[in-house]
Amino acid sequence: SGLPYHIEDAGHPGMGDSIAAAVRQTQHANGWLVLPADLPLVQPETLLLVAEALWANDVVQPVYLEGLTEQRGHPVGFGRVCLAKLLKLEGNKGAAGVLLAYNAMKLIVNDVGIITDIDTVDDLARAELVLKSR
């Protein structure tokens, strides 16, 4: 995507702790896109769309439409206004509370990668099918 990035790989006890640590390392940023490592198929264009939407919104969450069903995904974008709340995150809930506090803007994207997480061998097989279809 060409966007600057920080990889947080220190091994924290929970998603919230990982996000807080990454934000602490990049406090100078105007915003943050949180992209868990188990979602490797997010397209660069999606990263750019979320980053662009942050100029007009405090929090942006991409959504993939499958028929009439909305599936929220990653990366979730957080504007600078969220800094203090992001730095206080801990535990396994990630940044769900920040999403609620700032009424996240839903950004519809045509990128199944935002919901294609790889946690199991079956997930890996599904991800291979997504890659082959591109």
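About the cut-offs
Residues numbered from 1 in each chain as written. Predicted model: local features only at pLDDT ≥ 70, side-chain atom pairs only at ≥ 80, totals over all residues. Heavy atoms only, no water. Helix = DSSP H or I, 4+ residues; strand = E, 2+ residues; numbered from the N terminus. Buried < 20%, exposed > 50% of the residue type's maximum accessible area, 1.4 Å probe, protein only. Salt bridge = Lys/Arg side-chain N within 4 Å of Asp/Glu carboxyl O.

1. Brief notes about the environment of alanine 56
With respect to the helices, strands and loops of the structure, alanine 56 is situated in the loop between helix H2 (44-53) and strand E2 (59-66). With relative accessibility at 68%, the residue alanine 56 sits in the exposed group. Placed 37 residues apart in sequence, alanine 56 and lysine 93 show a C-alpha to C-alpha distance of 26 Å.

2. Examining the pattern of salt bridges
Under the definition given, this model contains three salt bridges. A salt bridge links arginine 134 to aspartate 111; the shortest N-O distance between them is 3.5 Å. With arginine 134 in the segment after helix H5 (121-133) and aspartate 111 in the loop between strand E5 (105-109) and H5, the pair connects residues that are 23 residues apart, well separated along the chain. Note on arginine 134: relative accessible area 47%, which makes it partly exposed. In this structure, arginine 126 engages aspartate 123 in a salt bridge whose closest nitrogen and oxygen atoms are separated by 2.5 Å. Of the two residues, arginine 126 and aspartate 123 are both situated in helix H5; the distance of three residues between them amounts to about one turn of the helix. Looking at aspartate 123, the relative accessible area reads 12%, which means it is buried.

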